[in-house]
Amino acid sequence: MSDYDLLETASGNALVTAIDHGLALGATEGFRDPEATLRAVLDGGPDAVLVGPHFARRYGGVIAEADADVVVTADIVTNSTRPGFDDGQDVWTPAFDPELLLDVDPAGVKIVLVFGRDDREMFVRNLSYVAEMAEALRGTGVPLVVEPVMWGGRVPAELETHPEYVARAARMAWEYGADVLKLPYTGDVETFEPIVEHSPVPVMILGGPKSGSTAAMLSNVEGAIASGARGIMIGRSIWKTEDPTSVVRALDGIIHEGKSVDDVWDA
Amino acid sequence: MSDYDLLETASGNALVTAIDHGLALGATEGFRDPEATLRAVLDGGPDAVLVGPHFARRYGGVIAEADADVVVTADIVTNSTRPGFDDGQDVWTPAFDPELLLDVDPAGVKIVLVFGRDDREMFVRNLSYVAEMAEALRGTGVPLVVEPVMWGGRVPAELETHPEYVARAARMAWEYGADVLKLPYTGDVETFEPIVEHSPVPVMILGGPKSGSTAAMLSNVEGAIASGARGIMIGRSIWKTEDPTSVVRALDGIIHEGKSVDDVWDA
Amino acid sequence: MSDYDLLETASGNALVTAIDHGLALGATEGFRDPEATLRAVLDGGPDAVLVGPHFARRYGGVIAEADADVVVTADIVTNSTRPGFDDGQDVWTPAFDPELLLDVDPAGVKIVLVFGRDDREMFVRNLSYVAEMAEALRGTGVPLVVEPVMWGGRVPAELETHPEYVARAARMAWEYGADVLKLPYTGDVETFEPIVEHSPVPVMILGGPKSGSTAAMLSNVEGAIASGARGIMIGRSIWKTEDPTSVVRALDGIIHEGKSVDDVWDA
Amino acid sequence: MSDYDLLETASGNALVTAIDHGLALGATEGFRDPEATLRAVLDGGPDAVLVGPHFARRYGGVIAEADADVVVTADIVTNSTRPGFDDGQDVWTPAFDPELLLDVDPAGVKIVLVFGRDDREMFVRNLSYVAEMAEALRGTGVPLVVEPVMWGGRVPAELETHPEYVARAARMAWEYGADVLKLPYTGDVETFEPIVEHSPVPVMILGGPKSGSTAAMLSNVEGAIASGARGIMIGRSIWKTEDPTSVVRALDGIIHEGKSVDDVWDA
Amino acid sequence: MSDYDLLETASGNALVTAIDHGLALGATEGFRDPEATLRAVLDGGPDAVLVGPHFARRYGGVIAEADADVVVTADIVTNSTRPGFDDGQDVWTPAFDPELLLDVDPAGVKIVLVFGRDDREMFVRNLSYVAEMAEALRGTGVPLVVEPVMWGGRVPAELETHPEYVARAARMAWEYGADVLKLPYTGDVETFEPIVEHSPVPVMILGGPKSGSTAAMLSNVEGAIASGARGIMIGRSIWKTEDPTSVVRALDGIIHEGKSVDDVWDA
């Protein structure tokens, strides 16, 4: 498999901290001061940060100092027309121009593909956008990262990480043009490994809303890496903790050095 | 009739195995491991495989090794916004760019034309897309394969292969721009032959969901060939069987050598 | 009035047989075998046939042999999303590209303008398309033929040929860009003549569904010519008859030689 | 104020007879024979006629003979999908291409801006079109004439010429891009004069449906000129009269020579 | 922070008087005579005026004489399809072309971003427009000023300046592409200062409908400046007063000279 810069690390894996949440949530708990959160995250030494393109423009100097790459988010998903609210239905906008995205010299461009919506037209536009962005990036050396998620109201919350859903969604995402997949982790190696094996493109995992302990999150990452995943793009479970820097360092041990949760974290 | 590369075989017919189902269904029973299914199918020696353009990019090496051509699918039809579900109404997306499609050096580009929808605007867009893609391909030497189907809720399932419907839909498909038709088989030579005869463009048949025995499917193919059809683009009735390789070989006997079902298959 | 090739006949009139019905109806009674119907019609020696652009591509050789011109239909009107059905409301699609249309070297390009629809947005698009196509053809020497019809559900069927409706619709059609009008005949010279006289562009008449005898149709044509019309674009009343060739010949006598119905037809 | 050719008359005012009603109404009482109405109007010696672009193409010779300019209408407003009917809600179409409009060498391009509609999206499109057409004409020397009217169902008919509505609509029209305003006259100098004075672009008045006597219409024009208006674009109150030529001549006296109604018309 | 011409004043702040209200309201109380209001405002010596692009074209000479810059409004927000009315829901139109906007040599281009709408599609278009305009202006040296406001019906009026809403909306606005923010003032330094501090782009404040005394408005401005804001874009609270010139001068003292309300205004 010929790889992208993003995955040309010593381990072949990548640790990407997602801090693009301002696009969706605005100023939110734990991320009100963008530079402070960014610096806390960068101090842990991630390979890259996932940010919006204008965040990349505003804080490009800080990121470059930390020698981190940028993966850039191309679309905007809010859950309400009110700022930072969740009204139970996503409002999806294909926002940023490939020219802007490529001008921040990204190691990847990331978009979501939301399954389960009631709004069929929004689904059609989302799907078209995956195909269009894949075409816009083809030949540039910048991979398209697609994050297929089951956020729509037609999929019950408890099925969002169900192996059958994740497997189907993953397949569709690369058939539509993904170069890299950002998948929900199914919860165990037994169900996640075949999904990774059957994918012709590298798989990374997402974090989702911070819901459990850091140890539980790290355990998921350990399982994902054991399943063959090539890394993570996780946000809230990192920067919503008390010490994001340490969490990033712990992740580094698991992702790049093959360590176990016990090796890197005191529960 | 001046023909396309796809039909420039010794028999003048073509055996195309459809394995583009990941676009519609995601990872599905019998096709969870894309490469395994692809290899099983290729081992039977089809003239071409029908695949999505990104499938063609990911597995182009495997297909080239088997010396098979690629017919590429340009649109995406899901039956739900949930991955791999069927909610009784198609969600159709004109997805891929002609530039991408032509870059996989295809022996044909395939799109559907769905009749019977409740959504008139989606029908208008579908019809426009047939006309636009025909124009995009005109002069490239790559034929536009149109698959007119009666999937909409306004056509009862039992009429989807009715000769009157198929005849009308076939005529409309080439009047709108098809260079090759991928038609439902009507079930007998008596009704299918005039449809083929009245078409100024070559006719191939589709398979539909695997519902009966392999022998029944092969019998349909034999009837289609006897009616003047120039081959098949069949998928699930091949790769959902226990031994796809043997089914492809049996089809080869009927399509290229004029054999009967009895010659090629032990029921 | 400077004229188009289409009307540069000895009489200054033109006999165009419409056989573009596959676009709307698919394979239909009397027109299941496209080539047979085409040949029957051409044997009568019409000045031109009105066909879809892909019909023109497929049967261009046959038409050229007969030394007939082609007028080409640019839009598609079905009356259902089901093939060949009439569900009481038109589904209109501006389908074909000017480049394709002009490549068949047409003596005219024809589109409809449907009045009386419930769907105001479809009316706006239809009207815009008349204006756009007029602009696309301006300066090419190929006239835009507009067929203003009262097919919408808001106009009772019995008023579709009412002189007041036809006069208004005719005026709007050329104000929107028509170079030639294809009008419903109002039924008598007294009401049709002023419509023709007040039009700065040539008027031809349409046939509509075959409903009466051939003699009645011929009588309408005689009246239209007497009113100053420059010819016809009639289809079903020709090719749905037992002997299309003879009907075309009879029309020729009326249109080009100024004969009466009695001169050309035994009722 | 730097002026346009349209207003470079000896008086600085312009008399434009509107005969673009075929676009909206089709063939209508008093305007069934386009050339006859045009000639009757031209015989009175207006500075220009307001016509559709295809009317300008068809009757350009007649207009040029009379040494009249052309102001051309760029959009189409019907009040029904039925030809020439009024179903109480406008159907607005941005119809004609700037290239076509400029090819008739116009002294102005005219579009409406309809306030009070129930359909917000149509209002947004209308407003965008004013802005776009202003930009398309900027730098060509051809002024954009905008006619802000209160035709929507949300404005009661009796308020369509209310000074408050007219003042607001006038301001919005030039803020959106109008170079010249075609306004409803408010009925008296006291209310109309400040509207004219507060406008940085020249104001002309429209006629509206012919409802009163010719003397009443002339009196309105006299009031408008006294208010500082630079002329008129009036149609039905001219060509629906028994002697359009004389009405135009009477208007000429008021508009160009500063005469009173009594000077020019025997009531 | 590298700054724009707009903020390259001695104090680093800017006093912009907003007089673009004709776009939204038409001729409105206190602003019926555009030139008179403009001159009254300019006499106070603001750094710039915020106007529509056609206002800038019509009164460019007057503005240049006063040596004031122009910030130009690119979109149109009305609150009704009726002119100047408020029907409780905004009608938003992305109106003017970047080419027109840049041709008035602006010190900034301003658009709104309306949160809380019921119409999700209008929100998506608004958000896309922020991103598109940011891209159109990138590299031109002209900053994009975004005004995130809570005008939609889903946000209660009393929350429009709530710190949590303003903080979230501000963050989203620059993540979507704003170079400068025009924010509602939250009412006190304690809540506004962190919003300004956490913004990587300069913050200015808006005025909103004139509701209180001039002293109260000036007090808000004093608080905003104390919070780190770089100036104001206020309109109605200036030109709806009896003496706009004096109000602008008072603002100048606060904004550029660090004076208190008591220093500059007799309550």
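Now for a description of the structure that goes with this document. (Residues numbered from 1 in each chain as written. Chains lettered and ligands numbered in written order. Predicted model: local features only at pLDDT ≥ 70, side-chain atom pairs only at ≥ 80, totals over all residues. Heavy atoms only, no water.)

### Remarks on the interface of chain A and chain B
Note the threshold: The contact criterion used throughout is that any non-hydrogen atoms of two residues lie within 4.5 Å. Here the quantity called buried area is the total loss of accessible area, with a 1.4 Å probe, experienced by two parts when brought into contact, counted for both. What makes a salt bridge here is a side-chain nitrogen of Lys or Arg within 4 Å of a carboxyl oxygen of Asp or Glu, nothing more. Any N or O atom pair separated by 3.5 Å or less is treated as a polar contact, with the protein-specific requirement of one donor-capable and one acceptor-capable atom, and with residues adjacent in sequence counted only for side-chain atom pairs. Secondary structure counts use DSSP, requiring at least four H or I residues in a row for a helix and at least two E residues in a row for a strand, with both numbered from the N terminus. Lys, Arg, Asp and Glu make up the charged group, whereas Ala, Val, Leu, Ile, Met, Phe, Trp, Tyr, Cys and Pro make up the nonpolar group; the residues left over, Gly among them, are polar.
Tallying the contact residues gives 33 residues for chain A and 40 residues for chain B. Of the roughly 3,100 Å² buried where chain A meets chain B, counting both sides, 56% is carbon and sulfur surface. Where chain A packs against chain B, one counts five salt bridges. Asp 87 of chain B is the salt-bridge partner of Arg 154 of chain A, the closest N and O atoms lying 3.3 Å from each other. Applying the counting criterion to the chain A and chain B interface returns 13 residue pairs in polar contact (both at pLDDT 80 or more). For the side of chain A that touches chain B, the secondary-structure elements that each account for two or more residues are helix H6 (120–137) and helix H7 (163–175) of chain A. Looking at the side of chain A that touches chain B residue by residue, the class counts come to 18 nonpolar, four polar and eleven charged.

### Some thoughts on the packing of aromatic side chains
Rules: A pair of aromatic rings is counted whenever rings of Phe, Tyr or Trp (Trp by its six-membered ring) have centres within 6.5 Å, and the orientation is called stacked for planes under 30 degrees apart, edge-to-face for over 60 and tilted otherwise. Consider the ring centre and the ring normal. A charge sits over the ring if Lys NZ or Arg CZ is within 6 Å of that centre and within 35 degrees of that normal.
Taken as a whole and judged by the stated rule, the model has 45 aromatic pairs over all chains. Members of the aromatic cluster, connected to one another through ring pairs, are Phe 31, Phe 55, Tyr 59 and Trp 239 of chain A together with Trp 174 of chain E. Residue placement shows Arg 168 of chain B over the ring face of Phe 85 of chain C; its charged tip is 4.9 Å from the ring centre.

### Here we look at the relation of the copies chain A and chain B
This is how the line gets drawn: Superposing copies: least-squares fit, C-alpha atoms only, residues required to have pLDDT of at least 70 in both.
Overlaying chain A on chain B yields an RMSD of 0.0 Å, the required transformation being a rotation through 72° with an accompanying axial translation of 0.0 Å. Both copies are brought into coincidence by an operation consistent with a five-fold rotation axis. Of every C-alpha in chain A, the one belonging to Glu 121 of chain A sits nearest the axis of rotation, 9.5 Å from it.

### Remarks on the pairing of strand E8 (residues 180–183) of chain E
Residues and elements named next belong to chain E. Note the following rule: Any residue under 20% of the maximum accessible area for its type is buried, any over 50% is exposed, and the rest in between are partly exposed; the area is computed with a 1.4 Å probe on protein chains only. Each pair of strands is called paired provided DSSP finds at least two bridges between the two strands. Note on handedness: a clockwise path from strand one over the helix to strand two, with the strands aimed away from the viewer, defines a right-handed crossover.
Going residue by residue along E8, you find Val 180 and Lys 182 tucked away on one face and Leu 181 and Leu 183 tucked away on the opposite face as well. Sheet topology note: the strand E7 (residues 144–149)/E8 ladder contains two bridges and is parallel. Residue pairing in the sheet places Val 145 in a bridge with Val 180 of E8. One crossover worth recording links E7 to the parallel E8 by way of helix H7 (residues 163–176), and it is right-handed. Sheet analysis places E8 next to strand E9 (residues 203–206), joined by three bridges and oriented parallel. Residue pairing for E9: Leu 183 is matched across the bridge by Ile 205.

### Section: the side chain of Asp 20 of chain B
All names here are of chain B. Keep this limit in mind: His residues and chain termini do not enter the charge count, which takes Lys and Arg as positive and Asp and Glu as negative.
Topologically, Asp 20 is positioned in the loop between strand E1 (14–18) and helix H1 (22–25). Within the buried core, Asp 20 has no salt-bridge partner, and the shortest N-O distance to an opposite charge, that of Lys 110, equals 4.2 Å. A polar contact of 2.7 Å, which involves the side chain of Asp 20, links it to the side chain of Thr 73. Those residues in contact with Asp 20 that lie beyond four places of it in its chain are Leu 50, Val 51, Gly 52, Thr 73 and Lys 110.

### Quick notes on the arrangement of the chains
Note that chain A does not reach chain D: the shortest distance linking a C-alpha of one to a C-alpha of the other is 18 Å. With no contact formed, the shortest span from any C-alpha in chain C to any C-alpha in chain E equals 18 Å.

### Quick notes on the interface of chain A and chain E
Taken together, the 40 residues of chain A in the interface contact 33 residues of chain E. For the chain A and chain E pair, buried surface summed over both sides reaches about 3,100 Å², with 56% attributable to carbon and sulfur atoms. Contact with chain E buries area across many residues of chain A, yet Arg 58, Thr 81 and Pro 83 of chain A alone supply 23% of it, more than any other trio. For the pair chain A and chain E, the interface holds six salt bridges.

### Here's the deal with the sheet that holds strand E6 (residues 108–114) of chain D
Residue and element names in this part refer to chain D. Quick reminder of the rule: Lines fitted to C-alpha atoms define the axes here, with helix axes fitted over just the stretch in contact, and angles between the N-to-C directions of these axes take values from 0 to 180 degrees.
Read around the barrel, eight strands follow the order E1-E2-E3-E6-E7-E8-E9-E10 and close on themselves; strand pairing throughout is parallel. Within the sheet, the average angular offset between the axes of one strand and its neighbour, ignoring direction, is 25°. Packing against the sheet, helix H6 (residues 120–137) makes contact with E6 and strand E7 (144–149), and its axis sits at approximately 160° to E6. Set on the sheet, helix H11 (residues 244–257) makes contact with strand E1 (14–18) and strand E10 (231–234); between it and E1 the angle comes to about 150°.

### Considerations on unusual backbone geometry
Despite not being glycine, Asp 105 of chain A shows a phi value in the positive range, around 55°. Its place among the elements puts Asp 105 of chain A in the loop between helix H5 (98–103) and strand E6 (108–114). We classify Asp 105 of chain A as exposed; its relative accessible area is 65%. In the Ramachandran plot, Asp 67 of chain E falls in the positive-phi region, its phi being about 60° despite a non-glycine side chain. Take Asp 67 of chain E: it is sitting in the loop between helix H4 (60–65) and strand E3 (69–73).

### Description of the pattern of salt bridges
Counted according to the given criterion, the structure contains 82 salt bridges over all chains. Note that Lys 259 of chain B and Glu 257 of chain B form a salt bridge whose closest N and O atoms lie 3.3 Å from each other. According to the relative accessible area criterion, Lys 259 of chain B is partly exposed, its value standing at 34%. The partly exposed category is assigned to Glu 257 of chain B, whose relative accessible area is 48%. The structure contains a network of salt bridges with shared partners spanning Glu 29 and Arg 32 of chain A together with Glu 164 and Arg 168 of chain E.

### Re the packing of helix H9 (residues 214–226) of chain D against H11 of chain D
For any two helices packed against each other, the geometry is given by the interaxial angle and the distance between the axes. Residues and elements named next belong to chain D. Put simply, the test is: Our angle categories are set so that under 35 degrees counts as roughly parallel, over 145 as roughly antiparallel, 65 to 115 as roughly perpendicular, and the remainder as oblique. Crossings are classed by handedness, with left-handed meaning an anticlockwise turn of the near helix from the far one by less than a right angle and right-handed meaning a clockwise turn.
Contact geometry of H9 with H11 gives a least axis separation of 10 Å together with a crossing angle of 25°. Of the possible angle classes, the one that applies to H9 and H11 is roughly parallel. By crossing handedness, the relation of H9 to H11 is classed as right-handed. Within the contact between the two elements, H9 uses Thr 214, Met 217, Leu 218, Val 221, Glu 222 and Ile 225 and H11 uses Val 247, Ala 250, Leu 251, Ile 254 and Ile 255. In the contact of H9 with H11, the residues fall into nine nonpolar, one polar and one charged.

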